[in-house]
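So you can see what is in the structure, the chains are spelled out below.
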Amino acid sequence: MRPRENSLLPLEDAREAALFFVVGALCFLAALAALSAKSTYGAARAWTAEVEGEFTVSLNGADATASAEAAKLLAAVDGVEAARAFTDAEINELLEPNFGQSGLPDDLPVPRLIAVTAEAGSEDLGPRLSQALHEGGYDAAVDAHSEWAGDVRHMLAVSRIAALSIVALLSATAIAVIAFATHAALLARRDIVDVLHTAGARDRFIAGLFERRFWLLGLRAGTVGALVALASVAVLIALGRSGAERTGLLPQLSLDFPDLAVLVVTPVIAGLAARIAAGITVMRSLKTVM
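Residues numbered from 1 in each chain as written. Predicted model: local features only at pLDDT ≥ 70, side-chain atom pairs only at ≥ 80, totals over all residues. Heavy atoms only, no water.

Engineer: I'm lost on the overall build of the protein chain in this one. Help?
Structural biologist: A tally of helices and strands in the protein chain yields 8 helices and 4 strands. Sequence-ordered secondary structure for the protein chain, helices as α and strands as β, is α-β-α-β-α-β-α-β-α-α-α-α. Sequence separation of at least 24 residues holds for 85% of the intrachain contacts in the protein chain that already meet a minimum separation of 6. Element-wise, carbon and sulfur atoms account for 62% of the exposed surface of the protein chain, whose accessible area totals about 17400 Å². (Helix = DSSP H or I, 4+ residues; strand = E, 2+ residues; numbered from the N terminus. Contact = heavy atoms within 4.5 Å. Areas by Shrake-Rupley, 256 points an atom, 1.4 Å probe, with all protein chains shown as cover.)

Shown next, in the form of structure tokens:
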């Protein structure tokens, strides 16, 4: 036989549909913010890993032959893994987004470019590259990609703080909403609570009823929010695959194990937050109001 529902707090209450929707929406936004932050962090780390140890050398007043000779000179520098001179076709491809397919006029001097890759653990390679070029008689400038990677790491730290702040704000909002709803539910059943007190029920017993009720509500609402977030991410991934070509710097949403773990944990956290908020609210209300 099924146990009878508790007459004080039935398992279903149509008056709490709005609360269910609000908690579910907040869980959806929190899960989406967490997944977006993880994707941004992963994209930034992948990009910085690619550019760390990379240098770009621009030669002024040099032709293709001089550029190739400079690349050989740089390849012989201690700590350099590889040095490759850009071809005319590659340089025109870099200029195409700004100047079109026709490129620049032939009589307009364009610096020659050399891509240099440093060996793992090489330090202070930039000054040594500049010195080698200067001793070789080249008018050149060395651009260390690590400077750009530092800017990306700074942006990553700011984005992480912003994402955590958003998740914390959404969580605090959900807790405040649940606390208000718990207090309202307690006042709506004040007569029954008085009867329970008269019968000898302790505050902890009454608080346990509300804790169980809102634990289940938070768990269900969190599950719905996590499922909606899962569906949204799946749709965005499908649209991204069918759209334009991906770029390594832009964040790409995924559904790997850490992402699924975030979605699985979301309902549990929502249920625990609802349970704790309900218990504290009831205990305080019973001591101050009842």
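Next comes the rest of the description.
Engineer: Explain the sheet that holds strand β4 (residues 140-144) to me, please; I cannot follow it from the model alone.
Structural biologist: What holds strands together in a sheet is hydrogen bonding between their backbones, with the strands either parallel or antiparallel. Taking strand neighbours across the sheet as the criterion, the 4 strands line up as β2-β3-β1-β4 in an open arrangement whose pairing is antiparallel. Taken across any chain shown, the strands that pair with only one partner, and hence form the sheet edges, are β2 (80-85) and β4. Taken pair by pair, the neighbouring strands of this sheet meet at an average axis angle of 20°, ignoring direction. Where strand β1 (residues 54-59) and strand β3 (residues 112-118) come together, 6 bridges link them in antiparallel fashion. For valine 57, the partnering residue across the bridge sits in β3 and is isoleucine 114. Taken strand by strand, helix α2 (residues 64-75) contacts β1, β2 and β3, and its axis lies near 180° from that of β2. (Pairing = 2+ DSSP bridges. Axes fitted to C-alpha atoms, helices over the stretch in contact; angles between N-to-C directions.)

Engineer: Just to check I follow, could you spell out a nonpolar patch on the surface for this structure?
Structural biologist: A cluster of nonpolar side chains, namely Val268, Leu272, Ile276 and Ile280, defines an oily patch on the protein surface of about 350 Å² accessible area. One can find isoleucine 276 in helix α8 (residues 257-288). A relative accessible area of 52% places isoleucine 276 in the exposed class. (Patch = residues over 30% accessible without salt bridge, like charges linked within 9 Å, V, L, I, M, F, W, Y side chains within 5 Å. Salt bridge = Lys/Arg side-chain N within 4 Å of Asp/Glu carboxyl O. Buried < 20%, exposed > 50% of the residue type's maximum accessible area, 1.4 Å probe, protein only.)

Engineer: How should the packing of aromatic side chains be read in this particular structure?
Structural biologist: Centre distance and the angle of the planes are the two values used to describe a pair of aromatic rings. Scanning the entire structure with this criterion turns up 0 aromatic pairs. Note that arginine 84 overlies the ring of phenylalanine 86, its terminal NZ or CZ placed 5.0 Å from the centroid. (Phe/Tyr/Trp six-rings, centres within 6.5 Å; stacked < 30°, edge-to-face > 60°. Lys NZ or Arg CZ within 6 Å of the ring centre and 35° of its normal.)

Engineer: Could you clarify how one ought to interpret the nonpolar core in this entry?
Structural biologist: For soluble globular proteins, nonpolar side chains are generally found buried alongside one another. Core analysis: the biggest nonpolar cluster contains 20 residues, and Val23, Phe210, Phe214 and Val282 have the highest contact counts within it. Of all the secondary-structure elements, those providing two or more residues to this core are α1 (17-51), α5 (145-188), α7 (203-242) and α8. Not counting residues within four places of it along the chain, the set of residues in contact with phenylalanine 214 comprises Glu16, Leu19, Ile178, Ala181, Thr182, Ala274 and Ala278. Counting residues in hydrophobic clusters, the runner-up holds 18 residues, among them Ile114, Ala118, Leu133 and Ala144. (Core = buried A, V, L, I, M, F, W, Y, C linked by side-chain atoms within 4.5 Å.)

Engineer: How do you make sense of the environment of glutamate 81 when you look at a structure like this?
Structural biologist: For glutamate 81, the position within the fold is in strand β2. The exposed category is assigned to glutamate 81, whose relative accessible area is 56%. In this structure the C-alpha to C-alpha distance between glutamate 81 and glutamate 119, which are 38 residues apart in sequence, comes to 4.9 Å. Once you skip the residues sitting within four places of it in the chain, glutamate 81 turns out to touch Thr117, Ala118 and Glu119.

Engineer: Can you help me understand the side chain of glutamate 211 in this one?
Structural biologist: Here glutamate 211 shows up in helix α7. Look at glutamate 211 and you get buried, because its relative accessible area is 11%. Apart from residues lying up to four places away in sequence, glutamate 211 is in contact with Arg204, Arg275, Ala278 and Gly279.

Remember, this is a structural readout, not a statement about activity or role.
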